[in-house]
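Each chain, letter by letter, is given below.
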Amino acid sequence: MIGKNIFKFKQLDSTNTFIKNNISKLKNGDLVVSKSQLKGKGRYNNKWVSEEGNLYFSFLLKEKINRNEIFGLIMKSSVSITSLLRVYNIQAKIKYPNDIVVNNRKISGILIESIGYNSIDQTIVGIGINVNQNNFGDIDKKATSIIKETKLRHNVEDVLKKFIQIYNSLNENSEIFQEYIEKSVVIGKEIIYKNKSYHIVKIVENGNIILRHDSEEILVERDDISFTDYY
Ligand code: BTN
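Residues numbered from 1 in each chain as written. Predicted model: local features only at pLDDT ≥ 70, side-chain atom pairs only at ≥ 80, totals over all residues. Heavy atoms only, no water.

**Q** So what exactly am I meant to see when it comes to the environment of Ser-145 here?
**A** Its location among the elements puts Ser-145 in the loop between β9 (122-129) and α3 (146-150). The exposure class of Ser-145 is buried, given its relative accessible area of 0%. Along the backbone, Ser-145 and Asn-132 are 13 residues apart, and their C-alpha atoms lie at a distance of 6.5 Å. Excluding residues that lie within four positions of it along the chain, Ser-145 makes contacts with Ile-107, Asn-130, Val-131, Gln-133 and Phe-136. A distance of 2.7 Å separates a polar side-chain atom of Ser-145 from the backbone oxygen of Gln-133. (Helix = DSSP H or I, 4+ residues; strand = E, 2+ residues; numbered from the N terminus. Buried < 20%, exposed > 50% of the residue type's maximum accessible area, 1.4 Å probe, protein only. Contact = heavy atoms within 4.5 Å. Polar contact = N/O pair within 3.5 Å; in protein donor to acceptor, adjacent residues only side chain to side chain.)

**Q** I'm lost on helix α4 (residues 156-169) in this one. Help?
**A** For the α-helix, the turn length of 3.6 residues means that residues three or four positions removed from each other point alike. In this model, α4 (14 residues) spans 20 Å end to end at C-alpha, consistent with the 20 Å of a helix rising 1.5 Å per residue. Buried within α4 are the following residues: Val-159, Leu-160, Phe-163, Ile-164, Ile-166 and Tyr-167. Packing partners of the buried residues in α4 comprise β1 (6-12), β2 (31-37), β3 (55-61), α2 (70-87), β9 and α3. Between the side-chain oxygen at the start of α4 and the backbone nitrogen of Glu-157 there is a gap of 2.8 Å, and the oxygen is on Asn-155. (Expected span 1.5 Å × (residues − 1).)

**Q** Explain the layout of surface pockets here, please?
**A** In this approach the atoms are scanned with a rolling probe the size of a water molecule, which exposes any empty space left behind. In this structure, the largest pocket spans a volume of roughly 970 Å³. If you list the elements that add at least two residues to the lining of the largest pocket, you get α1 (15-21), β3, β6 (99-102), β7 (105-115) and β9. When the residues that make up the lining of the largest pocket are grouped by side-chain class, the tally is 16 nonpolar, 14 polar and eight charged. (1 Å grid on protein atoms, 1.4 Å probe; cavity = no way out; pocket = protein on both sides within 12 Å on 5 of 7 lines; lining within 4 Å. Points joined across faces, edges and corners; volume = space filled by probe spheres on them. Nonpolar A, V, L, I, M, F, W, Y, C, P; charged D, E, K, R; others polar.)

**Q** Looking at this structure, how should I read the packing of α2 against α4?
**A** Packed helices, taken two at a time, are described by the angle their axes make and the gap between the axes. Where α2 meets α4, the axes come as close as 9 Å, and the angle between the chain directions of the two elements is 130 degrees. One way to sum up the angle between α2 and α4 is to call them oblique. The hand of the α2/α4 crossing is right-handed. Residues Leu-73, Lys-76, Ser-77, Ser-80, Ile-81, Ser-83, Leu-84 and Val-87 of α2 form the contact with α4, whose own contacting residues are Val-159, Lys-162, Phe-163, Ile-166 and Tyr-167. Along the lines of polarity and charge, the residues of the contact of α2 with α4 split into eight nonpolar, three polar and two charged. (Axes fitted to C-alpha atoms, helices over the stretch in contact; angles between N-to-C directions. Parallel < 35°, antiparallel > 145°, perpendicular 65-115°, else oblique. Left-handed = near helix turned anticlockwise from the far one by under 90°.)

**Q** What should I look at first to understand the sheet that holds β3 in this one?
**A** Think of a sheet as strands paired side by side through backbone hydrogen bonds, with each pair either parallel or antiparallel. Ordered in space as β1-β2-β3-β9-β7-β6-β5, the seven strands form an open sheet in which the pairing is mixed. Edge positions in the sheet fall to β1 and β5 (93-95), since each has one partner strand and no second. With direction set aside, neighbouring strand axes in the sheet form an average angle of 20 degrees. Relative to β6, β5 runs antiparallel, the two being bridged by three bridges. Within the sheet, the bridge partner assigned to Lys-93 lies in β6 and is Val-101. (Pairing = 2+ DSSP bridges.)

**Q** How should I be thinking about unusual backbone geometry in this particular structure?
**A** One can expect most non-glycine residues to show negative phi and most peptide bonds to be in trans. Backbone torsion omega between Tyr-96 and Pro-97 reads -5 degrees, so that peptide bond is classified as cis. Note that Pro-97 resides in the loop between β5 and β6. Non-glycine residue Asn-103 carries a positive phi angle of around 45 degrees. When you line up the elements, Asn-103 lands in the loop between β6 and β7. Using a relative accessible area of 69% as the deciding quantity, one classes Asn-103 as exposed.

**Q** I tried to follow the site of the ligand on my own but got confused; where do I start?
**A** By nearness alone, 20 residues border the ligand, and Ser-14, Gln-37, Lys-41, Arg-43 and Lys-106 come closest of all. A distance of 2.8 Å is found between an oxygen atom of the ligand and a side-chain nitrogen or oxygen belonging to Ser-14. Lys-106 is positioned such that a nitrogen or oxygen atom in its side chain is 2.6 Å from an oxygen atom of the ligand. If the ligand stood free it would expose 420 Å²; the protein chains cover 98% of that surface. Structurally, the ligand is housed in the largest pocket. Looking at the shell around the ligand, the elements that each hand over two or more residues are α1, β3, β7 and β9. Here the element with the most residues in the shell around the ligand is β7; it accounts for four residues. Within the shell around the ligand, the residues separate by chemical class into six nonpolar, ten polar and four charged. (Near = heavy atom within 4 Å. Areas by Shrake-Rupley, 256 points an atom, 1.4 Å probe, with all protein chains shown as cover. Sits in = over half its atoms within 2 Å of the grid points.)

Treat this as a map of the structure, not an account of what it does.
In structure tokens form, the structure reads like this:
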């Protein structure tokens, strides 16, 4: 269960970094939320510009898991976000592995950082959801928010409360995988991998993907491929 303890801040460098710096004092499921972030982090060392009005939070899982189970967390978080957005009548999709998009524009991102490699003891799940931001400057064509989709402002704390409820109500079971696959936009799409064009055939339950070129099928590990430049 997450969010039994919630630590709220007006401004932090990054909610993920805050958890990392205080990891020994924090408990399993503790959640940190900040109104804005000065050094919000995205995947692949990107910045996550974090002005006030959107939701920026991270939670800590102090459970021993193996590396393959990280994808379970990605799926659970992604499916929780798409379900949350349905509450606002937004039909969001998942761009493998963990971008949440609406009509190809990103509305939410997830940054998972884990401590340990083969056997992971502690995992930080950081989530950004665009709520009340109307303009994204240079990336305006690539980004959206709840307000852009619905024309309505929403209380950021309510959005977080709903996320926590939904996340805690999901059990680790195959329904999450089914839902993740149903919401995924990548299956059937074309991608260049090692200078060769492939079609994405399947996402496997551990997060690896199967690509096909004519009759050749290859299995690619999740971290070996970046979809940033695609669709
Ligand atoms: C991505 O690149 O899509 C992941 C973005 C994750 C952003 C969130 S905002 C809350 C948490 N704190 C951070 O510094 N990053 C994550």
